[in-house]
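# Observations on the three-dimensional arrangement
Below are the chains, spelled out letter by letter.
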Amino acid sequence: QKEVEQNSGPLSVPEGAIASLNCTYSDRGSQSFFWYRQYSGKSPELIMFIYSNGDKEDGRFTAQLNKASQYVSLLIRDSQPSDSATYLCAVNSGNTPLVFGKGTRLSVIA
Amino acid sequence: DGGITQSPKYLFRKEGQNVTLSCEQNLNHDAMYWYRQDPGQGLRLIYYSQIVNDFQKGDIAEGYSVSREKKESFPLTVTSAQKNPTAFYLCASSKDRDYGYTFGSGTRLTVV
């Protein structure tokens, strides 16, 4: 059973701080990794994807991947109250649908 | 604009009824998926289809059925055999798994 684990939170950070969201996965053969943001009552939207070890930056968001440790993280710099949402980690492990974690709820306090 | 459309946004089902949730995409994506989300829970896969006229069961297929007669459409029927259908249903599509999924806006189903 392929698993993706996330701390459910809530993770509370003050406005302007860096929020760090973490995700571990069980399948060492996993190839691509995604972060989705889901506001309450809405559908998930893709915000970052990463395929290779290292960091990938897009605006205030940085995805970090360490395949040896089977670990992927999302950093949000200069956190804003509008970043308050649930963040879902998803992993592609070959010719099967993406496996989603249960998500981490982030609360940015003004 | 290309996108994926789910309807209706809200749906109420009486005990013993079958109901069908619509999902249409104009993104020319081959693969489509149905997920169920319960409050405070992650996404659970119901059914998926990687090509027209073919689909596979996901983790929680019991009490649900699907069809994929057209590339653009992947309707989900919630049958009376599904004993606890109240949930948020999400449809998604993908061109390629390496590009992730695009989600529709969801259908919130309530049993009355």
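All values reported here derive from a predicted model rather than from experimental measurement.

Basis of the calculations
Residues numbered from 1 in each chain as written. Chains lettered and ligands numbered in written order. Predicted model: local features only at pLDDT ≥ 70, side-chain atom pairs only at ≥ 80, totals over all residues. Heavy atoms only, no water. Salt bridge = Lys/Arg side-chain N within 4 Å of Asp/Glu carboxyl O. Helix = DSSP H or I, 4+ residues; strand = E, 2+ residues; numbered from the N terminus. Buried < 20%, exposed > 50% of the residue type's maximum accessible area, 1.4 Å probe, protein only. Pairing = 2+ DSSP bridges. Axes fitted to C-alpha atoms, helices over the stretch in contact; angles between N-to-C directions. Disulfide = S-S within 2.5 Å. Phe/Tyr/Trp six-rings, centres within 6.5 Å; stacked < 30°, edge-to-face > 60°. Lys NZ or Arg CZ within 6 Å of the ring centre and 35° of its normal.

### Remarks on the pattern of salt bridges
A full pass over the atoms with the stated rule returns 6 salt bridges over all chains. A salt bridge links aspartate 83 of chain A to arginine 60 of chain A; its shortest N-O distance comes to 2.9 Å. Note that aspartate 83 of chain A is positioned in the loop between strand E8 (71-76) and strand E9 (85-92) and arginine 60 of chain A in the loop between strand E6 (54-58) and strand E7 (61-66), a separation of 23 residues in sequence. When its relative accessible area of 28% is taken as the criterion, arginine 60 of chain A is described as partly exposed. Here arginine 36 of chain B and aspartate 38 of chain B are joined by a salt bridge, their closest N and O atoms 3.0 Å apart. Assigned by exposure class, arginine 36 of chain B and aspartate 38 of chain B land together as buried.

### A word on the sheet that holds strand E1 (residues 4-7) of chain B
Residue and element names in this part refer to chain B. Read across the sheet, 4 strands follow the order E1-E3-E8-E7 without closing on themselves; strand pairing throughout is antiparallel. The open sheet has two free edges, formed respectively by E1 and strand E7 (64-66), since each of these has just one partner strand. Recorded for the sheet is a direction-independent mean angle of 20° between the axes of neighbouring strands. Across 3 bridges, strand E3 (residues 19-25) lies against strand E8 (residues 76-78) in antiparallel orientation. Of the residues in E8, the one forming a bridge with leucine 21 is leucine 76.

### So, the pairing of E3 of chain B
Residues and elements named next belong to chain B. In E3, alternate side chains face the same way, and those of Val19, Leu21, Cys23 and Gln25 are buried while those of Thr20, Ser22 and Glu24 on the opposite face are not. With 4 bridges connecting them, E1 and E3 associate as antiparallel partners. Residue glutamine 6 lies in a different strand from E3, and its bridge partner there is cysteine 23.

### Regarding the state of the cysteines
Evaluation of the coordinates by the stated rule reveals 2 disulfides over all chains. The disulfide that involves cysteine 23 of chain A links it to cysteine 89 of chain A, with 2.1 Å between the sulfurs. Classification of the bridge connecting cysteine 23 of chain A and cysteine 89 of chain A rests on its S-S torsion, roughly -70°, and on that basis the disulfide is left-handed. Highlighted residues: cysteine 23 of chain A in strand E3 (residues 19-25) and cysteine 89 of chain A in strand E9, separated in sequence by 66 residues. Neither residue differs from the other here; cysteine 23 of chain A and cysteine 89 of chain A are each classed as buried. Two residues, cysteine 23 of chain B and cysteine 91 of chain B, share a disulfide whose sulfurs are 1.9 Å apart. Its torsion about the S-S bond being -75°, the disulfide of cysteine 23 of chain B and cysteine 91 of chain B is classed as left-handed. Pair noted here: cysteine 23 of chain B is in strand E3 and cysteine 91 of chain B is in strand E9 (residues 87-94), with a separation of 68 residues, a long-range link. By the burial criterion, cysteine 23 of chain B is buried, and cysteine 91 of chain B matches it.

### Focus: the packing of aromatic side chains
The tally for this structure, following the rule as stated, stands at 14 aromatic pairs over all chains. The interplanar angle of 45° and the centroid separation of 4.9 Å between the aromatic rings of tyrosine 25 of chain A and phenylalanine 33 of chain A together place this pair among those described as tilted. The residues tyrosine 25 of chain A and phenylalanine 33 of chain A share a single accessibility class, namely buried. A network of ring pairs unites the aromatic residues Tyr36 and Phe100 of chain A together with Tyr33, Tyr35, Tyr48, Tyr101 and Phe103 of chain B as a single cluster. Cation over ring: arginine 68 of chain B sits above phenylalanine 74 of chain B, and NZ or CZ is 6.0 Å from the ring centre. Over the ring of phenylalanine 88 of chain B we find arginine 108 of chain B, and its NZ or CZ is 4.3 Å from the ring centre.

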